[in-house]
Amino acid sequence: MDWMKIGSALLLGAMIIFLFPRAKMMLKHSPKAVSGDWQAVLLPLAAIIGFIILLVMSV
Amino acid sequence: MYRNQTVVRPAESALATNKVLRNTYTLLSMTMLFSAAMAAISVFVESGPGTYLISVMGAMGLIWLVLPRTANSGAGVGVVFAITGLMGFGLGGVLNQYLALSNGSQLIMTAMGGTGVIFLGLSAYALTTRRDFSFLGGMLFVGMLVILVAALANIFLDIPAMTLAISSVIIILMSGFILYDTSRIIHGGETNYILATVSLYLSIYNIFISLLQILGALSGDD
């Protein structure tokens, strides 16, 4: 195993350790979605997926 | 008197929000230009893929250890430039690998344009709808955690399809983060333009890298 893989693994491991308490806290304290909220998120995300497919087809 | 207060407060709040938004976009555009200049230098000096890892490690160190202590002072602006400069320089190492492909420059330009369209589109959407996307917070952070674990596993598994799946999910997650961060600025959840700039910069950077990876893998040029 080369040093790039070890370095990447160490970096990702550090990110996970750093992010874990924040994710736990955010999950506990995030406000709940109300009616129409998810639709408002899924619509632009679907547009982005379509746009990426278009980009992939163009190259 | 009471009436004045109720009228003035939202106006002051809106002014403060606009100020944070303006400062964020100004600093973001300046750091993007600086980052691009550093990437150009890195390409010019033909830095290798190891540069990316070392630069990202340095930038993460600054984000975790230095930025929280300097975000409320003028020094924070310098730290943001150091972070984005390092990330830009690291990007050069990745760009050199793509430039070695016959259609490398086309891939890079397509990924750059695509990232710009995604960021501008999502920002315009969040700004015009003025919807509160704070409910996304928990899901985005947990999603990020899951994708980091998957990326860590894939270092050892080395499955190309998993790499593509991870890149695709990162683009979706970062798009969610753009909506979340922009909405936080609009609704007063984020009042520090330095932290807001770093958050948006990281989302744009990750979208660009992931899009480049997807385009590179699916363009048919090995």
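Scoring rules and cut-offs
Residues numbered from 1 in each chain as written. Chains lettered and ligands numbered in written order. Predicted model: local features only at pLDDT ≥ 70, side-chain atom pairs only at ≥ 80, totals over all residues. Heavy atoms only, no water. Helix = DSSP H or I, 4+ residues; strand = E, 2+ residues; numbered from the N terminus. 1 Å grid on protein atoms, 1.4 Å probe; cavity = no way out; pocket = protein on both sides within 12 Å on 5 of 7 lines; lining within 4 Å. Points joined across faces, edges and corners; volume = space filled by probe spheres on them. Nonpolar A, V, L, I, M, F, W, Y, C, P; charged D, E, K, R; others polar. Axes fitted to C-alpha atoms, helices over the stretch in contact; angles between N-to-C directions. Parallel < 35°, antiparallel > 145°, perpendicular 65-115°, else oblique. Left-handed = near helix turned anticlockwise from the far one by under 90°. Contact = heavy atoms within 4.5 Å. Core = buried A, V, L, I, M, F, W, Y, C linked by side-chain atoms within 4.5 Å. Buried < 20%, exposed > 50% of the residue type's maximum accessible area, 1.4 Å probe, protein only. Patch = residues over 30% accessible without salt bridge, like charges linked within 9 Å, V, L, I, M, F, W, Y side chains within 5 Å. Areas by Shrake-Rupley, 256 points an atom, 1.4 Å probe, with all protein chains shown as cover. Salt bridge = Lys/Arg side-chain N within 4 Å of Asp/Glu carboxyl O. Expected span 1.5 Å × (residues − 1). Polar contact = N/O pair within 3.5 Å; in protein donor to acceptor, adjacent residues only side chain to side chain. Buried area = accessible area lost by both parts, 1.4 Å probe.

Quick notes on the environment of A33 of chain A
With respect to the element layout, A33 of chain A can be found in the loop between helix 1 (3-29) and helix 2 (37-58). In the structure, A33 of chain A is positioned 27 residues away from I6 of chain A in sequence and 40 Å away in space, judged by C-alpha atoms.

What to know about the layout of surface pockets
Residue and element names in this part refer to chain B. In this structure, the second largest pocket occupies an estimated 560 Å³ of space. Lining of the second largest pocket is provided by 22 residues; of these, M32, S35, A36, M112 and I204 occupy positions nearest its centre. Listed by contribution, the elements that provide at least two residues to the lining of the second largest pocket are helix 1 (2-44), helix 3 (75-99), helix 4 (104-129) and helix 7 (193-218). Ranked by the residues each element gives to the lining of the second largest pocket, the list is headed by helix 1, at 10 residues. Here the lining of the second largest pocket is composed, by residue class, of 18 nonpolar, 4 polar and no charged.

Quick notes on the packing of helix 4 of chain B against helix 7 of chain B
Residue and element names in this part refer to chain B. The contact between helix 4 and helix 7 brings their axes to 9 Å, and the two run at 140°. Taken as axis vectors, helix 4 and helix 7 run oblique relative to one another. You can see that helix 4 and helix 7 cross each other, and the crossing is right-handed. Taking contact as the criterion, the partners of L107, I108, T110, A111, M112, G114, T115, I118 and F119 in helix 4 are, on helix 7, L200, I204, I207, F208, L211, L212, L215 and G216. Class assignment of the residues belonging to the contact of helix 4 with helix 7 gives a composition of 13 nonpolar, 4 polar and no charged.

Topic: the nonpolar core
I83, F133, M144 and L212 of chain B are the most contacted members of the largest nonpolar core, which totals 77 residues. Considering every element that reaches this core, the biggest residue donor is helix 7 of chain B, with 14 residues.

So, a nonpolar patch on the surface
Judged by side-chain polarity, I6 and L10 of chain A together with M57 of chain B come together as a nonpolar surface patch covering roughly 270 Å² of accessible area. Topologically, L10 of chain A is positioned in helix 1. The exposure class of L10 of chain A is exposed, given its relative accessible area of 58%.

Side note on the environment of L157 of chain B
Mapped onto the elements of the fold, L157 of chain B is located in helix 5 (residues 137-157). Relative accessible area serves as the criterion here: at 52%, L157 of chain B is assigned to the exposed category.

Some details on helix 7 of chain B
The end-to-end C-alpha separation of helix 7 of chain B is 37 Å, in line with the 38 Å expected for 26 residues at 1.5 Å each. Put simply, N192 of chain B is the residue that caps the front of helix 7 of chain B, since its side-chain oxygen is 2.9 Å from the backbone nitrogen of I194 of chain B.

Concerning the pattern of salt bridges
Considering all chains together, one arrives at 2 salt bridges over all chains under this definition. D37 of chain A is the salt-bridge partner of R131 of chain B, the closest N and O atoms lying 2.8 Å from each other. With R131 of chain B in the loop between helix 4 and helix 5 and D37 of chain A in helix 2, the pair connects residues from two separate chains. You can call R131 of chain B partly exposed: its relative accessible area is 29%. For D37 of chain A, a relative accessible area of 5% translates into the label buried. Among the ionic pairs, R184 of chain B bridges to E190 of chain B, the shortest N-O distance being 3.3 Å. Overall, R184 of chain B belongs to the partly exposed group, its relative accessible area being 23%. Overall, E190 of chain B belongs to the buried group, its relative accessible area being 13%.

Concerning the interface of chain A and chain B
The partner chain B presents 46 residues to the 38 residues of chain A that form the contact. Contact between chain A and chain B buries roughly 3,900 Å² in total, counting both sides, with carbon and sulfur atoms accounting for 86%. Sorting the residues of chain A by area buried against chain B places L11, I16 and V59 of chain A first, and these three jointly supply 14% of that buried surface. There are 1 salt bridge connecting chain A and chain B. Those elements that provide at least two residues to the side of chain A that touches chain B are helix 1 and helix 2 of chain A. Of the residues that constitute the side of chain A that touches chain B, the class distribution is 29 nonpolar, 5 polar and 4 charged.

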